[in-house]
Amino acid sequence: MSTIPPVLTKIINLLLENKANFTLLNHVAEGKSDLISKIRGTPTGAGAKAIVCEMKKLRESEIEGVKALNLKDTDFILLILSGDLQVDYKKLSNAINCKKISMAKVDDVLKMTECVPGSVSPFSFNENLKIICDEKIFNRFEEICFNAGSLEHSLKMKSSDYLRIVKPFLGDFSKDL
């Protein structure tokens, strides 16, 4: 097992400060949703998949929730969705009023999150990386589980605590695999 990564320490401190109950799981290194859910003993859908997306040609939006995100000043978002679903880029680009959106390059993921792909958590400690969540995971599961800055460390917590702490922009941004 590896040492505790700095991102995991930040998450744990944030959760403790906000009096959230959580469980830390140590396991073999894995970043694929279906495989890690088996290792954790949780449903694949309860896995909060965190994907850094790059936006291009953002347009002005009159939607209050989108305006509140203040996305004009950022080129990236952190999209959170259920591990058994995939991103619907058309729905996402329409919702945030952007002409083009795609997965970020590995170098950009590292720069924005301090994590390698597969270990990105559903928390952002970068003020330029806004969190947007697909609401389905929270409607379907009372608890979520996610890799937390490492392929060898996961956290499990109540969905309600996550929503209370992060206060993300919510919507329908996914489709079936």
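The structure we're discussing is the one just above.
I will try to describe carefully the structure that is included in this document. The numbers attached to residues start from 1 for each chain and follow its sequence in the written order. The predicted nature of this model means local features are confined to residues of pLDDT at least 70 and side-chain atom pairs, given and counted, to a pLDDT of 80 or more, with totals for whole chains, interfaces and linings taken over all residues. Calculation of side-chain values draws on the structure's entire complement of heavy atoms; hydrogens and water are dropped beforehand.

What about the overall build of the chain?
Labels follow the DSSP assignment, with helices taken as runs of H or I lasting at least four residues and strands as runs of E lasting at least two, numbered in each case from the N terminus. Looking only at helices and strands, the chain has 7 helices and 10 strands in total. Per-residue accessibility, obtained with a 1.4 Å probe over protein chains only, is compared with the maximum for each type, and a residue is labelled buried under 20%, exposed over 50%, and partly exposed between these values. Relative to its 177 residues, the chain shows a buried fraction of 49%. Contacts were defined at the residue level, with two residues in contact if any of their heavy atoms lie within 4.5 Å. Taking contacts inside the chain between residues at least 6 apart in sequence as the whole, the part at least 24 apart equals 77%. The Shrake-Rupley method, run with a 1.4 Å probe, gives the accessible areas here. Residue values count only the displayed protein chains as cover. For the chain, the exposed surface amounts to about 9,100 Å²; the carbon and sulfur share of it is 51%.

Looking at the pattern of salt bridges
For this document, the term salt bridge refers to a Lys or Arg side-chain nitrogen within 4 Å of an Asp or Glu carboxyl oxygen. Enumeration over the complete set of coordinates arrives at 6 salt bridges. Aspartate 134 is the partner of lysine 136 in a salt bridge, and the nearest nitrogen-oxygen pair spans 3.7 Å. Bridged by salt links that share partners, the residues Lys91, Asp134, Lys136 and Asp172 form one connected network.

Digging into the pairing of strand β3 (residues 76-82)
Burial analysis of β3 places 7 of its 7 residues in the buried class, which makes it a mostly covered element. Note: β3 against strand β6 (residues 129-134), 5 bridges, orientation parallel. Paired with isoleucine 77 across the bridge in β6 is lysine 130. At least two bridges found by DSSP between two strands are what make those strands a pair.

Structural notes on the nonpolar core
The biggest cluster of nonpolar side chains holds 32 residues, and the ones touching the most others in it are Met157 and Tyr162. The residues contacting methionine 157, other than those within four sequence positions of it, are Leu15, Ala20, Asn21, Phe22, Phe123, Glu142, Glu143, Ile144, Phe146, Tyr162 and Ile165. Side-chain atoms within 4.5 Å are what join buried Ala, Val, Leu, Ile, Met, Phe, Trp, Tyr and Cys residues into a set we call a nonpolar core.

Considering the layout of surface pockets
Think of a 1 Å grid over just the protein atoms. A cavity is a set of points where a 1.4 Å probe fits yet cannot get out, a pocket is an open set with protein on both sides within 12 Å along at least five of seven lines, and lining residues have an atom within 4 Å of a point. Grid points are joined across faces, edges and corners, and a volume is the space filled by probe spheres set on the points. Within this model, the largest pocket holds a volume of roughly 410 Å³. Considering the residues around the largest pocket, the lining is formed by 26 residues, among which Gly31, Lys49, Ala50, Ile51 and Gly118 are closest to the centre. Among the secondary structure elements, those contributing two or more residues to the lining of the largest pocket are α2 (33-40), β2 (48-58), α5 (106-113) and β7 (143-147). At 5 residues, β2 tops the list of elements feeding residues into the lining of the largest pocket.

Section: a nonpolar patch on the surface
The patches reported here contain residues having more than 30% relative accessible area and no salt bridge. Joining distances are 9 Å for like charges and 5 Å for nonpolar side chains (Val, Leu, Ile, Met, Phe, Trp, Tyr). Among the surface-exposed residues, Val106, Leu110 and Val116 lie close enough to one another that they form a single nonpolar patch of about 230 Å² accessible area. For leucine 110, the position within the fold is in helix α5.

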